[in-house]
Amino acid sequence: MLQRQHWPSRWVFILAAIGSAAGLGNLWRFPFLAYEHGGAAFILVLVLANIVIGIPLLILEIGLGQMMQRAAPDAMGKIRKGFRYLGWLAITLGMMVLFYYMAVMSWSVNYFASAFTLAWGDDTVNFFLGDILNLSGGVNDIGGISWPVLSGLLFAWALVYFSVWKGVQSVSKVVVWTATLPFVILAILIVRALTLEGAGEGVSLFLVPNWSSLANPDLWIAAFSQVFFSLSLAFGIMIAYGSFNPKQTEITMSAVWVAVGNFLVSFMSGLVVFGTLGYMATQQGVPVTEAVTGGPALVFMIFPLAISLLPAFNALIAVLFFGMLLTLAIDSAFSLLEAFSAAFRDRYAAAPTKKIALLISLVGIAGGLLFTTHAGLYFLDIADHFIVNYGLVIMGILETVIVGWAWKGNKLLEFVNKTSTVKLGVSWNIAIKYITPIFLTILLIINLKNEFVTPYEGYPIWALVYIGALPIILSPFIAVLLDRLTTRKQAAVEE
Ligand code: PFF
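Presented here is a report on the structure given in the accompanying data block. None of the values given here were measured: they were computed from a predicted structure. (Residues numbered from 1 in each chain as written. Predicted model: local features only at pLDDT ≥ 70, side-chain atom pairs only at ≥ 80, totals over all residues. Heavy atoms only, no water.)

What follows concerns the side chain of histidine 37. Inspection of the secondary structure puts histidine 37 in the loop between α2 (24-36) and α3 (40-68). For histidine 37, a relative accessible area of 13% corresponds to the buried category. In this view, histidine 37 contacts Phe42, Ser213, Asp218, Leu219 and Ala222; residues no more than four positions away in its chain are not counted. (Helix = DSSP H or I, 4+ residues; strand = E, 2+ residues; numbered from the N terminus. Buried < 20%, exposed > 50% of the residue type's maximum accessible area, 1.4 Å probe, protein only. Contact = heavy atoms within 4.5 Å.)

Next up on the list: the site of the ligand. Surrounding the ligand, one finds 13 residues, the nearest of these being Ala21, Leu24, Gly25, Phe235 and Ile237. Note that a nitrogen atom of the ligand is positioned 3.4 Å from one of the backbone N or O atoms of serine 20. The separation between a nitrogen atom of the ligand and a polar main-chain atom of alanine 21 is 2.9 Å. Notes on the ligand: free accessible area 330 Å², of which the protein chains cover 100%. When contributions to the shell around the ligand are tallied by element, the ones reaching two or more residues are α1 (10-21), α2 and α11 (217-230). Broken down by element, the residue count for the shell around the ligand peaks at three residues, all from α2. The residue makeup of the shell around the ligand, split by class, is seven nonpolar, six polar and no charged. (Near = heavy atom within 4 Å. Polar contact = N/O pair within 3.5 Å; in protein donor to acceptor, adjacent residues only side chain to side chain. Areas by Shrake-Rupley, 256 points an atom, 1.4 Å probe, with all protein chains shown as cover. Nonpolar A, V, L, I, M, F, W, Y, C, P; charged D, E, K, R; others polar.)

Its 16 residues give helix α17 (residues 353-368) an end-to-end C-alpha distance of 22 Å, which sits within 8% of 22 Å, the value for a rise of 1.5 Å per residue. Looking only at α17, the buried set comprises Thr353, Ile356, Ala357, Ile360, Ser361, Gly364, Ile365, Gly367 and Gly368. Contacts made by the buried residues of α17 are with α5 (84-115), α7 (147-164) and α16 (314-347). (Expected span 1.5 Å × (residues − 1).)

The geometry of helix α9 (residues 181-194) relative to helix α13 (residues 252-284) is characterised by a closest axis approach of 8 Å and an angle of 30 degrees between their N-to-C directions. Considered as vectors, α9 and α13 are oriented roughly parallel to each other. Seen from above, α9 lies across α13 with left-handed handedness. Contacts between α9 and α13 involve Phe183, Leu186, Ala187, Leu189, Ile190, Ala193 and Leu194 on the former and, on the latter, Gly261, Leu264, Val265, Met268, Ser269, Leu271, Val272, Gly275 and Thr276. In terms of residue class, the contact of α9 with α13 is built from twelve nonpolar, four polar and no charged. (Axes fitted to C-alpha atoms, helices over the stretch in contact; angles between N-to-C directions. Parallel < 35°, antiparallel > 145°, perpendicular 65-115°, else oblique. Left-handed = near helix turned anticlockwise from the far one by under 90°.)

Here we take up a nonpolar patch on the surface. On the surface, Ile142, Ile461, Trp462, Val465, Tyr466, Leu470, Ile473, Leu474, Phe477 and Ile478 cluster together into a nonpolar patch covering about 930 Å² of accessible area. Relative to the assigned elements, isoleucine 473 resides in helix α21 (residues 461-487). (Patch = residues over 30% accessible without salt bridge, like charges linked within 9 Å, V, L, I, M, F, W, Y side chains within 5 Å. Salt bridge = Lys/Arg side-chain N within 4 Å of Asp/Glu carboxyl O.)

On to the nonpolar core, then. In this structure, Phe300 and Phe322 are the most contacted members of the largest nonpolar core, which totals 187 residues. Every residue in contact with phenylalanine 322, bar those within four places of it in the chain, is listed here: Tyr111, Phe112, Ala115, Trp120, Val299, Phe300, Pro304 and Ile307. (Core = buried A, V, L, I, M, F, W, Y, C linked by side-chain atoms within 4.5 Å.)

Attention shifts here to the pattern of salt bridges. Any two side chains of opposite charge can pair, given that their charged atoms come close. Evaluation of the coordinates by the stated rule reveals six salt bridges. Arginine 84 is the partner of aspartate 483 in a salt bridge, and the nearest nitrogen-oxygen pair spans 2.9 Å. Of this pair, aspartate 483 sits in helix α21 while arginine 84 sits in helix α5, and the two are 399 residues apart along the sequence. Judged by its relative accessible area of 0%, aspartate 483 is buried. The residue aspartate 483 makes a salt bridge to arginine 347 at a minimum N-O spacing of 3.0 Å. Linking aspartate 483 in helix α21 with arginine 347 in helix α16, this pair joins segments that are 136 residues apart in sequence. As far as burial versus exposure is concerned, aspartate 483 and arginine 347 are alike and both buried. Each of the salt bridges in this network shares a partner with another, and the network as a whole consists of Asp74, Arg84, Arg347 and Asp483.

Scanning all chains against the criterion turns up 38 aromatic pairs. With centroids separated by 5.6 Å and ring planes inclined at 80 degrees, the aromatic side chains of tryptophan 88 and phenylalanine 344 adopt a geometry described as edge-to-face. Here phenylalanine 344 lies in helix α16 and tryptophan 88 lies in helix α5, a separation of 256 residues in the sequence. An identical accessibility class is assigned to tryptophan 88 and phenylalanine 344; each is buried. Arranged with centres 6.0 Å apart and planes meeting at 40 degrees, the rings of tyrosine 456 and tyrosine 459 form a pair that is tilted. Within the aromatic cluster, the residues linked to one another by ring pairs are Trp107, Tyr111, Trp120, Phe127, Phe128, Phe300, Phe303, Phe321 and Phe322. Above the face of the tyrosine 85 ring, arginine 84 is positioned so that its terminal group lies 4.5 Å from the ring centre. (Phe/Tyr/Trp six-rings, centres within 6.5 Å; stacked < 30°, edge-to-face > 60°. Lys NZ or Arg CZ within 6 Å of the ring centre and 35° of its normal.)

Here it is in C-alpha cells:
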C-alpha cells in the first residue's frame, strides 16, 4: 500500500490554503464591493461573515478531509456511501471554474509580459479589448481564436501543471513563494499608492463608513457571498488540502489563520486600488467616483492607465503589479486542479501523480478554448455568473446539510476539538446546521427570481442556457460518470 502524501508542516498547509483563498476576488471584487456597499460598514459585515460562516465552513472542510484522509468524493463517501457523488459534484463544478479562471490567468500572463515596456501605451481600453482579447461585437459573434489569449493560456497551464505535477510535494514548494509574495508586493504598492497626490480621497471612498447601508439587505448578501467565493469553499479544495494533513494537525486556529490571511490580502488590495484611483482621478481632474470600477475592467484597463500616469518607476510598478496578479491567481488555479487530481489519486493509488495531473490539464486546456475565442469575455462573464450564483450556492447547501443533518452525532466536531486547544461548542453546530444553509437558500431564491425577471446582463437566452445553465444541469451526471469510471480500480491508500 502506498503512503498518503502529507504537507511538510502545518504552516505550509496554511500557506497553501491562503494561496487558494487569496486570488482575483480579493483584488478586483472586494475593493469594489466595499465601495458600493458603504465602505467600512461593508468591511465590518465582511468580518462578521467570516466569523459566522467563513471560519465554521473552513473548519468543516478541512476537518472532513483530515478526518477521512481523502479528497472530497471519498471523504463524503465515508459519511455515507451515496454522498460520494456530492464530492464529485463539488470538484466537477470547481473544474468548470478552472476552465475560465485560467483564461483570466492567460490575460495576466500577457499583461505581465507587456509590463516591462508598458506595451499598452495610452489607449489601455483598446489594448485589452482589441490587441489582447480581439473582442467581438457580441456573444453571437464567436469569431476565431485570439492568439495572445491562446498562447497565454498554454503558458499559464504549463505553470499550473508544473506546480502540481508531483502533487503535495511540488505544491508545498510553490506555495511558500506564491502565497507570501503577494503580501510583500502589496506592502510596496501600498507605500507607493498612499504617498501619491489624491490618494486620500480615493481611500476615503473605500474606508469611510456609511452606516445607513447596514439597513440595505444587498450589503449583507454581498458580504456573505463574497466570503464563500473568497475562501474557496464548496469546490472540494479545502477538503483535499485538509486530507494532506496528518490526522492530529491543529484545525481550528489554522482555519482562523487562513481567514485572517485572506482578509489581509483583500484589505491591502483595497488600499492599493483606491489610493491609485484617487491619484488617477486627481491627474485627470475628474471625481474619483468616475474612475471606480471592479472586475477585469479595473485590473486590465483602469490600472494600466493609472500606472502609466505615475510620476516615476512606471515599468517597475507595472511588473510588480502584474507579477502579483500572477502569484495571486496561480495558487487559486492549481488548488482547483489539485482538488480534482487528489480525488483521482484516491482511486488510482498506483498511478503516477504526473500522469493524472497531465490528463486533467489537457482536459482543462480543452475546456478553456471556449474562452479564447473572440467572444471569450462574454462567455466568461456568463459562466462565472452561473457557477458562482448557483453551483457554489447549491453545493454549499448540500455540504452543510450532509454534515449538519444527515451525519448523526457530533463526530466531526469531536474530531476537530481533539486537535485543538480552542474548543468549539454548540455555536459551530448552529453555523453549520442553520445559519449557512438558511442564508444560502434565501440567496438561491433571490438569485433565481432575479434570473427570471431580467436575463443576466441582457445576454441572448441561448447563451445563458448553453454556457450558463446547461453545465450546471449536466454537472450531476458528470459527477456520477466520474465515479463510475473510477470505481472499479479503487485501491486503498494507507492513512
Ligand atoms: N478564492 C479565489 C478568489 O477569491 O479569487 C477564487 C477561487 C478559487 C474561488 C478557487 C473558488 C475556488 F474554488
